[in-house]
Amino acid sequence: MSRVTARRKTLRLTPDGQIRRPDTLAVEEPLEMRVDGRSLTVTMRTPGSDIDLAHGFLLSENIIGSPDDIVSARYCAGTDENGQNTYNVLDIQLRTPTPVPARNFLTTSACGLCGKTALDEVRTRTRFPLPAAGPLLDTDILAGLPGELRSRQSVFDATGGLHAAGLFTTDGRALAVREDVGRHNAVDKVIGWALRENRVPAHDLVLIVSGRASFELVQKAVMAGIPVLGAVSAPSSLAVDLADESGLTLAGFLRGDTMNVYTGAHRLRLPDTAAANGATLRH
């Protein structure tokens with residue numbers, strides 16, 4: 001398996017002069033996913049948790065709905081110039097032959113929708129509709145989850161260059177945290193973990209992401225049956241529209257004791273102080 005960090009020479013410029021020294025960077029490498037021997041997609045990712053990544057991606061694409069749908073996931077003999085296995089080609093064998101999207105697209109670390117030609121194509125119908133009510137989540141717990149996520153970002157501490165996603169219980173307990181150069185990959189990794197642990201549909205869990213909430217991240221949450229998505233930064237307009245249509249609770253700008261709740265506020269329990277003066281929630 002490739003390393004998740006690498007060292008590169010750098011010239012650091014400061015008011016006091018120039019310093020030549022190595023810097024620690026997050027590794028970004030391609031992962032080709034094949035289904036039954038046929039290439040499906042290439043994503044630029046940080047190596048690690050590739051099996052979870054594949055499970056989460058295939059669930060998000062509505063190709064699988066259960067871990068039992070996959071017979072095996074194994075690395076193929078992709079090699080570098082020295083003949084060493086790069087572990088950058090993963091073949092997934094499905095239990096039942098299933099038509100897969102007739103496309104071969106490159107997913108970059110910046111965009112999980114590259115190659116999709118129409119909005120309707122990504123409005124995939126979920127196998128796990130969200131419950132109309134519940135779970136109920138205290139806003140003070142929700143407000144603290146980005147800090148819990150940040151405290152587990154060990155590779156970010158070393159590089160400053162990774163996104164993170166985490167699955168939490170409604171009482172604030174972290175179940176899975178993953179880092180990746182692509183925010184969509186980090187989410188696929190935690191969703192894939194949940195699928196393999198038979199926690200999908202994840203109707204009792206909360207998904208927290210370290211950056212913004214894009215349409216694709218809302219879609220992935222909905223596809224996994226996750227009812228609450230919180231983001232440190234802003235959502236997009238389309239993300240809010242999809243969250244509203246799907247019945248997802250979407251909160252953004254989770255910073256300190258404030259947040260913006262865009263949809264699904266009925267799942268949030270306000271502290272008495274917030275209920276009295278509106279200090280915690282900003283609608």
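All residue numbers refer to positions counted from 1 along the written sequence of the respective chain. Note on the predicted model: pLDDT of at least 70 is required for a residue's local features to be given, and 80 or more for side-chain atom pairs to be given and counted; whole-chain, interface and lining totals, by contrast, use all residues. To get the side-chain values, take all heavy atoms of the structure and skip hydrogens and water.

A few points about the overall build of the protein
Only DSSP runs of H or I reaching four residues or more are called helices, and only runs of E reaching two or more are called strands; each is numbered from the N terminus. Helix and strand content of the protein: 8 helices and 16 strands. Three exposure classes are used, based on accessible area relative to the maximum for each residue type with a 1.4 Å probe and protein chains only: buried under 20%, partly exposed in between, and exposed over 50%. Taken across its 283 residues, the protein has 48% of its residues classed as buried. Should any heavy atoms of two residues lie within 4.5 Å, those residues are counted as being in contact. Across the protein, contacts joining residues at least 24 apart in sequence account for 54% of those joining residues at least 6 apart. Surface summary for the protein: the accessible area is close to 13100 Å², and the carbon and sulfur share equals 48%. Using a 1.4 Å probe, accessible areas were evaluated by the Shrake-Rupley method; residue-level cover was limited to the displayed protein chains.

Section: the nonpolar core
Think of a nonpolar core as a cluster: buried Ala, Val, Leu, Ile, Met, Phe, Trp, Tyr and Cys residues, connected wherever their side-chain atoms sit within 4.5 Å. Grouped together as the largest cluster of nonpolar side chains are 49 residues, with contacts concentrated most on Leu58, Leu207 and Val218. Residue contributions to this core peak at 7 residues, all from helix 5 (residues 183-196). The residues touching leucine 58, leaving out its near neighbours within four places in the chain, are Val35, Leu40, Ile63, Ile64, Ile70 and Ile92. Counting 16 residues, the second largest nonpolar core, distinct from the first, contains Leu145, Ala164, Val206 and Val261.

Some words on the packing of aromatic side chains
Here is the rule: rings of Phe, Tyr and Trp (six-membered ring for Trp) pair when centre to centre is within 6.5 Å. Planes less than 30 degrees apart are stacked, more than 60 are edge-to-face, and the remainder are tilted. Applying the stated criterion to the full structure yields 1 aromatic pair. Geometrically, the ring pair formed by tyrosine 75 and tyrosine 87 is edge-to-face, given 5.2 Å between the ring centres and 90° between the ring planes. Pair noted here: tyrosine 75 is in strand 5 (residues 70-75) and tyrosine 87 is in the loop between strand 5 and strand 6 (89-94), with a separation of 12 residues, a long-range link. Take tyrosine 75: its relative accessible area is 23%, and that puts it in the partly exposed class. The partly exposed category is assigned to tyrosine 87, whose relative accessible area is 31%.

Considering the pattern of salt bridges
Only one rule defines a salt bridge in this text: a Lys or Arg side-chain nitrogen within 4 Å of an Asp or Glu carboxyl oxygen. Enumeration over the complete set of coordinates arrives at 9 salt bridges. Residues aspartate 52 and arginine 178 are paired through a salt bridge, measuring 3.7 Å at the closest nitrogen-oxygen approach. Of this pair, aspartate 52 sits in helix 1 (residues 50-60) while arginine 178 sits in strand 10 (residues 174-180); the two residues are 126 residues apart in sequence, bridging distant segments of the chain. Owing to a relative accessible area of 7%, aspartate 52 belongs among the buried residues under this scheme. For arginine 152, the salt bridge identified is with glutamate 148, shortest N-O distance 3.0 Å. The exposure class assigned to glutamate 148 is partly exposed, which follows from its relative accessible area of 34%. Each member of the salt-bridge network shares a partner with another, and the members are Asp52, Arg178 and Arg196.

Structural notes on helix 7 (residues 237-246)
Among all positions in helix 7, only Ala239, Val240, Leu242 and Ala243 are buried. Take helix 7 and look down its axis: the buried residues cluster within an arc of 165°, on one side only. Facing away from the buried side of helix 7 by over 90 degrees, the exposed positions are Ser237, Asp244 and Glu245. The elements touched by buried residues of helix 7 are helix 6 (215-223), strand 13 (249-255) and strand 14 (258-263). Glycine 247 sits one or two positions beyond helix 7 and adopts a positive phi of about 80°. Here, the arc refers to the directions that run from the helix axis to the C-beta atoms.

Side note on the confidence of the model for the protein
As a per-residue quantity, pLDDT reports the predictor's confidence and falls between 0 and 100. Averaged over every residue, the pLDDT of the protein is 86; residues scoring 70 or more account for 83%. Scored below 50 in pLDDT, residues 104-110 makes 26 contacts in the model with residues more than four places away or belonging to other chains. In the predicted structure, residues 114-119 sits below a pLDDT of 50 and forms 11 contacts with residues beyond four places in sequence or in another chain.

Observations regarding unusual backbone geometry
Following glycine 134, the chain continues to proline 135 via a peptide bond in cis, the omega torsion being -5°. By the secondary structure assignment, proline 135 is in the loop between helix 2 (119-122) and strand 8 (137-138). Residue proline 201 is reached from valine 200 by a cis peptide bond, and omega for that bond is 5°. Looking at the element boundaries, proline 201 is found in the loop between helix 5 and strand 11 (205-209). The phi dihedral of asparagine 198 is positive, around 55°, even though this residue is not glycine. Among the structural elements, asparagine 198 can be located in the loop between helix 5 and strand 11.

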